[in-house]
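Read off the chains here:
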Amino acid sequence: FLIQYGVKEIYLAGFDGYSHDMSENYAEQSMAFVTQNAVFDAMNRGMCEVINQLRKEITIKFLTTEKYVK
């Protein structure tokens, strides 16, 4: 959407990825809908793939430190 409208840069916050330690992933434990490490790893890989694909068309910068998604 943003690329179609000519945006040149996207700034992301909170896209640091998922840790195997569930307490690091959710502010409220009742929000935890995923508990398996293999699923966390797959989500991190998927986010990396999408971000890297988008970087071919637009500059993406992180406002927060990315831990598991680079």
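None of these values were measured; they are calculated from a predicted model.

Criteria and thresholds
- Residues numbered from 1 in each chain as written.
- Predicted model: local features only at pLDDT ≥ 70, side-chain atom pairs only at ≥ 80, totals over all residues.
- Heavy atoms only, no water.
- Helix = DSSP H or I, 4+ residues; strand = E, 2+ residues; numbered from the N terminus.
- Areas by Shrake-Rupley, 256 points an atom, 1.4 Å probe, with all protein chains shown as cover.
- Lys, Arg positive; Asp, Glu negative; His and termini not counted.
- Charge placed at Lys NZ, Arg CZ, Asp CG, Glu CD.
- Buried < 20%, exposed > 50% of the residue type's maximum accessible area, 1.4 Å probe, protein only.
- Pairing = 2+ DSSP bridges.
- Right-handed = clockwise from strand over helix to strand, strands pointing away.
- Core = buried A, V, L, I, M, F, W, Y, C linked by side-chain atoms within 4.5 Å.
- Contact = heavy atoms within 4.5 Å.
- Salt bridge = Lys/Arg side-chain N within 4 Å of Asp/Glu carboxyl O.
- Polar contact = N/O pair within 3.5 Å; in protein donor to acceptor, adjacent residues only side chain to side chain.

K.L.:
For this particular structure, what's the right way to read the overall build of the protein chain?
P.N.:
When its secondary structure is counted, the protein chain shows one helix and two strands. Reading the protein chain from its N terminus to its C terminus gives the helix and strand order β-α-β. With the C-alpha coordinates aligned to their principal axes, the bounding extent of the protein chain is approximately 40 × 20 × 20 Å. Accessible surface for the protein chain amounts to roughly 5,200 Å². Of this, 55% is attributable to carbon and sulfur atoms. Of the charged side chains in the protein chain, 7 are positive and 9 negative, and the gap between their average positions amounts to 9 Å.

K.L.:
What am I meant to see in the pairing of strand 2 (residues 59–62) here?
P.N.:
Consecutive residues of a regular strand have side chains that alternate between opposite faces of the sheet. Burial of the side chains of strand 2 is restricted to one face: I60 and F62 are buried, whereas none of T59 and K61 on the reverse face is. The pairing of strand 1 (residues 9–12) with strand 2 spans four bridges and is parallel. When the bridges of strand 2 are listed, L12 appears paired with F62. Between strand 1 and its parallel partner strand 2, the chain crosses via helix 1 (residues 37–54), and the hand of that crossover is right-handed.

K.L.:
Which parts of the structure should I look at to understand the nonpolar core?
P.N.:
Looking at soluble globular proteins, one finds that nonpolar side chains tend to be buried together. Counting eight residues, the largest nonpolar core is built from I10, L12, C48, I51, I58, I60, F62 and V69. At the level of elements, strand 1, helix 1 and strand 2 are the ones that each hand at least two residues to this core. If we ignore the near neighbours within four places in the chain, the residues touching I10 are L2, I58, T59, I60 and K61.

K.L.:
Sorry if this is basic, but what is going on with the pattern of salt bridges here?
P.N.:
Any two side chains of opposite charge can pair, so long as their charged atoms come close to each other. Applying the stated criterion to the full structure yields one salt bridge. In this structure, the salt-bridge partner of K61 is E9, at a minimum N-O distance of 3.4 Å. Pair noted here: K61 is in strand 2 and E9 is in strand 1, with a separation of 52 residues, a long-range link.

K.L.:
When you look at the side chain of S19 in this model, what are you seeing that I'm missing?
P.N.:
Within the fold, S19 resides in the loop between strand 1 and helix 1. A polar atom in the side chain of S19 sits 2.9 Å from the backbone nitrogen of D21.

K.L.:
Please clarify how the side chain of N25 should be interpreted in this entry.
P.N.:
Structurally, N25 can be placed in the loop between strand 1 and helix 1. A distance of 2.8 Å separates a polar side-chain atom of N25 from the backbone nitrogen of S19. Leaving out residues up to four positions away in the same chain, N25 has contacts with G17, Y18, S19 and F40.

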